[in-house]
Amino acid sequence: MAMLEVKHLSVSFGGLKAVDDFNMTIEGGELYGLIGPNGAGKTTIFNLLTGVYKPTEGSIFLDGKNITGMKTTAINKAGIARTFQNIRLFRQLSVLDNVKAGLHNRYAYSTLSGIFRTGRYREMEKAMDEEAMRLLKVFDLDSYAEYQADNLPYGQQRELEIARALATRPKLLLLDEPAAGMNPNETKALMETIRFVRDEFHMTILLIEHDMKLVSGICEKLTVLNFGHVLTAGLTEEVLNDPEVVKAYLGEE
Amino acid sequence: MGKLKNSMRKITKKNLMTYICLAIGFVIIQSCSAGGLLTFQIKGLLVPVCIYIICAVALNLVVGISGELSLGHAGFLCLGAYGAAIFSKITNGLIPDPIRFLLALIIGAAVGALFGFLIGIPVLRLNGDYLAIVTLAFCQIIQNLLNVFYIGVDKHGLHVAMQDPTKLELEEGGQVIVKGAQGITGTPKDANFIIGIILVFITLFIVLNLIDSRTGRAIMAIRDNRIAAESIGIDVTKHKLLAFTISAGLVGMAGALYSHNLATLTVAKFDYNTSILILVFVVLGGIGNIRGSIIATVILYVLPELLRGLQTYRMLIYAIVLIVIMLFSWAPGAIAFRQRIMERLKNRGKGVQ
């Protein structure tokens, strides 16, 4: 069974059809890329997948379960976590607490336990600290654990967002332009991290990216979006050599 | 992990410092009082200071930690005061005094929390400043309603009437408890400074431990970025409602203390100005800074009372103090200065060792 199956997904804002009849199938464990020119509707699709927008038509299946129209919170519990194009960290919390917030539903204890400092509180907080530090270590952020998230350099803020999303232990991870604003060296390191995350956590990853080096370097399959329509989809190499795709990106000769 | 444990201790240490400072303050005042150093006027301020500290700390949970604005905390204070006073008037003499007062405090807290919950359900689902608008209106409505509210008791039980006390239709020997705009008179005076301080400690214990727990983390995550919090599976409405209900409950408890401290309880005291006064304590003490709320409340509540002798210059001095405190807690230069002082104190502490 496919990890993610999107069928005939459409959404309109007033008269504008931002996404029209979008179809996509991602198998478990794949590293999948969603590309397209600016304004093609890529982030809108992320927002539809995570329940920020409700689709006007179509359906979304995650690991066989229909998640169409569910709320963002419920969709995360069902197994989708994401990062954001414009970074959305919990700015006043520490780096560690950002990841621990991601562990919220996996290490549960009641509010009363928290106030009265019961054994369960201590046990769960200890487990959370350990797991959060493990995740931070993956991104070499463990030495910044006590920093306020706001004070991290830009590239590391992006990595922290990925760590926070991973903390919810999703089946599918959505990365919205993870390399935006990074220099070539940082991008290279990020590619390795993404591949490592996929192998280490057995994760299925869907990413939006403009950096073609990153896309061709790590994505196994691609879907190309243009003006809300799917232009083409398939193996990365074939898609990138498709004259239609070249035309959409570079214009006609 | 060693570094991590260190910082865990830092939070606990900071909270412990707050408790210790408060305890020292209590001991000093208590011994001054025993030594006859306090004037009658200052003694009269001790319980109100405790009440306003509880209010400021509770409001800081909403404003600073949850990131919502409430302009109606005086309303919860009023409801808690009324609920507890009515209970005490009815059961006075039937239950031993300490138990009755304890129950009155619990009832005050329950009434506050109940109304906080009821207001929060519709309003906290929305984004934006709706809570400020609704709580402001709530406070006004409560005031107007209680102004024309009468409760009496006779051997048939409770009678409730609006507008007209004769509609209570009490039998002979019945007693009017709530008399509209005249409020409630003759509530037993159970409150004293020691109980006030105990309640401040309970409030601090609840709020500080809540902040430093999974729930508090979720509440602050929502404050910092609602969309991101939803994306990692945190239930936004539930956590905002929780923070607001706890805050309203604590203020309701303070209300119970209030009504058991004064001979007369009228709604006129719980107007918009009181809500703003509490908000001023929170803002000047530092939004999200619990210890700051306590310090600001003590200074800003006691000072105007002590300056009464200066008459017309009183508000002038009050205004200057407001500005100085604001600069001290918010100006970047002052923050750096404070940190330098703290560093120096720390180094000196090490040198002694």
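These figures come from a predicted structure and were not determined experimentally.

1. A closer look at the overall build of chain A
- Of regular secondary structure, chain A possesses 10 helices and 10 strands.
- Its C-alpha atoms give chain A a radius of gyration of 19 Å, near enough to 18 Å, the size a compact globule of 253 residues would have.
- Once the C-alpha set of chain A is aligned to its principal axes, its extents read approximately 65 × 40 × 35 Å.
- A total of 253 residues make up chain A; the buried ones form 53% of that total.
- When the accessible surface of chain A is split by element, carbon and sulfur atoms take 49% of a total near 11100 Å².
- When the 28 basic and 34 acidic side-chain charges of chain A are each reduced to a single mean position, those positions are 9 Å apart.

2. A short note on the pattern of salt bridges
- Under the criterion given, the structure shown has 22 salt bridges over all chains.
- One salt bridge in this structure joins B:R217 and A:D97, with 3.9 Å as the shortest N-O distance. With B:R217 in helix α7 (residues 214–224) and A:D97 in helix α3 (residues 95–102), this pair bridges two chains. Of the two residues, B:R217 and A:D97, neither departs from the other in class, the shared state being buried.
- Each of the salt bridges in this network shares a partner with another, and the network as a whole consists of A:D97, A:K100, A:E125, A:D129 and B:R217.

3. Considerations on the confidence of the model for chain B
All names here are of chain B.
- The pLDDT averaged across chain B works out to 88; a share of 96% of its residues lies at or above 70.
- Highest mean pLDDT in chain B belongs to helix α9 (residues 236–259) (97); lowest belongs to helix α13 (residues 332–352) (75).
- Per the prediction output, this complex has pTM 0.90; the corresponding ipTM is 0.93.

4. A short note on the domain arrangement of chain A
All names here are of chain A.
- The assigned domain composition of chain A is domain 1 (1–79 + 170–253) and domain 2 (90–160).
- For domain 1 and domain 2, the distance between their C-alpha centres works out to 28 Å.
- Contact with domain 1, which involves 11 residues of that partner, is made by 7 residues of domain 2.
- For the domain 1 and domain 2 pair, buried surface summed over both sides reaches about 710 Å², with 69% attributable to carbon and sulfur atoms.
- Three residues stand out in domain 1 for area buried against domain 2, namely M182, T193 and F201, and they jointly supply 39% of the buried area on that side.

5. Some words on the sheet that holds strand β3 (residues 175–179) of chain B
Residues and elements named next belong to chain B.
- Taken in spatial order, the 3 strands line up as β2-β1-β3 in an open sheet, and their pairing is antiparallel. Edge strands, defined here as strands with exactly one partner in the open sheet, are β2 (157–162) and β3. Put simply, the sheet's adjacent strands are angled 20° from each other on average, direction ignored.
- Sheet analysis places strand β1 (residues 149–154) next to β2, joined by 6 bridges and oriented antiparallel. Opposite V153, over in β2, you have L158 as the bridge partner.
- Its contacts with the sheet put helix α3 (residues 73–91) on β1, β2 and β3, and the angle it makes with β3 is roughly 170°.

6. Details of helix α12 (residues 313–330) of chain B
All names here are of chain B.
- The terminal C-alpha atoms of α12, which comprises 18 residues, lie 26 Å apart, in line with the 26 Å expected from a rise of 1.5 Å per residue.
- Every buried residue belonging to α12 is among R314, Y318, V321, I325 and S329, and all of these are buried. What you see down the axis of α12 is that its buried residues fit within an arc of 65°, all on one side.

7. Some details on the interface of chain B and chain A
- On the side of chain A, 39 residues touch chain B, which itself brings 31 residues to the contact.
- Between chain B and chain A the total buried area reaches about 3100 Å² when both faces are included, carbon and sulfur atoms providing 60% of it.
- If you look at where chain B meets chain A, you find 3 salt bridges.
- Linking B:D212 and A:R117 is a salt bridge whose minimum nitrogen-to-oxygen distance equals 3.6 Å.
- For the pair chain B and chain A, the interface holds 14 residue pairs in polar contact (both at pLDDT 80 or more).
- Mapped onto the side of chain B that touches chain A, the elements with two or more residues apiece are α1 (2–34), α6 (193–211), α7, α8 (226–231) and α9 of chain B.

8. A look at unusual backbone geometry
Residues and elements named next belong to chain A.
- At H202, a residue that is not glycine, the phi angle is positive and equals roughly 50°.
- If you trace the backbone, H202 turns up in the loop between α7 (184–201) and β8 (204–208).
- The class of H202 is exposed, set by a relative accessible area of 67%.

9. Examining the sheet that holds strand β4 (residues 57–62) of chain A
Residues and elements named next belong to chain A.
- The sheet built from 4 strands is open, its strands ordered β2-β1-β4-β5 with antiparallel pairing. Of all strands in the sheet, those bounded by a partner on one side alone are β2 (16–26) and β5 (65–66).
- Direction of pairing for strand β1 (residues 4–13) relative to β2: antiparallel, over a ladder of 7 bridges. Counterpart to V11 in the pairing with β2 is V19.
- The strands touched by helix α1 (residues 42–49) are β1, β2 and β4; relative to β1, the strand with the most contacts, the crossing angle is about 110°.

Conventions adopted
- Residues numbered from 1 in each chain as written.
- Chains lettered and ligands numbered in written order.
- Predicted model: local features only at pLDDT ≥ 70, side-chain atom pairs only at ≥ 80, totals over all residues.
- Heavy atoms only, no water.
- Helix = DSSP H or I, 4+ residues; strand = E, 2+ residues; numbered from the N terminus.
- Rg over C-alpha atoms; globule rule 2.2 N^0.38 Å.
- Buried < 20%, exposed > 50% of the residue type's maximum accessible area, 1.4 Å probe, protein only.
- Areas by Shrake-Rupley, 256 points an atom, 1.4 Å probe, with all protein chains shown as cover.
- Lys, Arg positive; Asp, Glu negative; His and termini not counted.
- Charge placed at Lys NZ, Arg CZ, Asp CG, Glu CD.
- Salt bridge = Lys/Arg side-chain N within 4 Å of Asp/Glu carboxyl O.
- pLDDT = per-residue confidence, 0-100.
- Domains from an automatic or database assignment.
- Contact = heavy atoms within 4.5 Å.
- Buried area = accessible area lost by both parts, 1.4 Å probe.
- Pairing = 2+ DSSP bridges.
- Axes fitted to C-alpha atoms, helices over the stretch in contact; angles between N-to-C directions.
- Expected span 1.5 Å × (residues − 1).
- Arc of directions from axis to C-beta.
- Polar contact = N/O pair within 3.5 Å; in protein donor to acceptor, adjacent residues only side chain to side chain.

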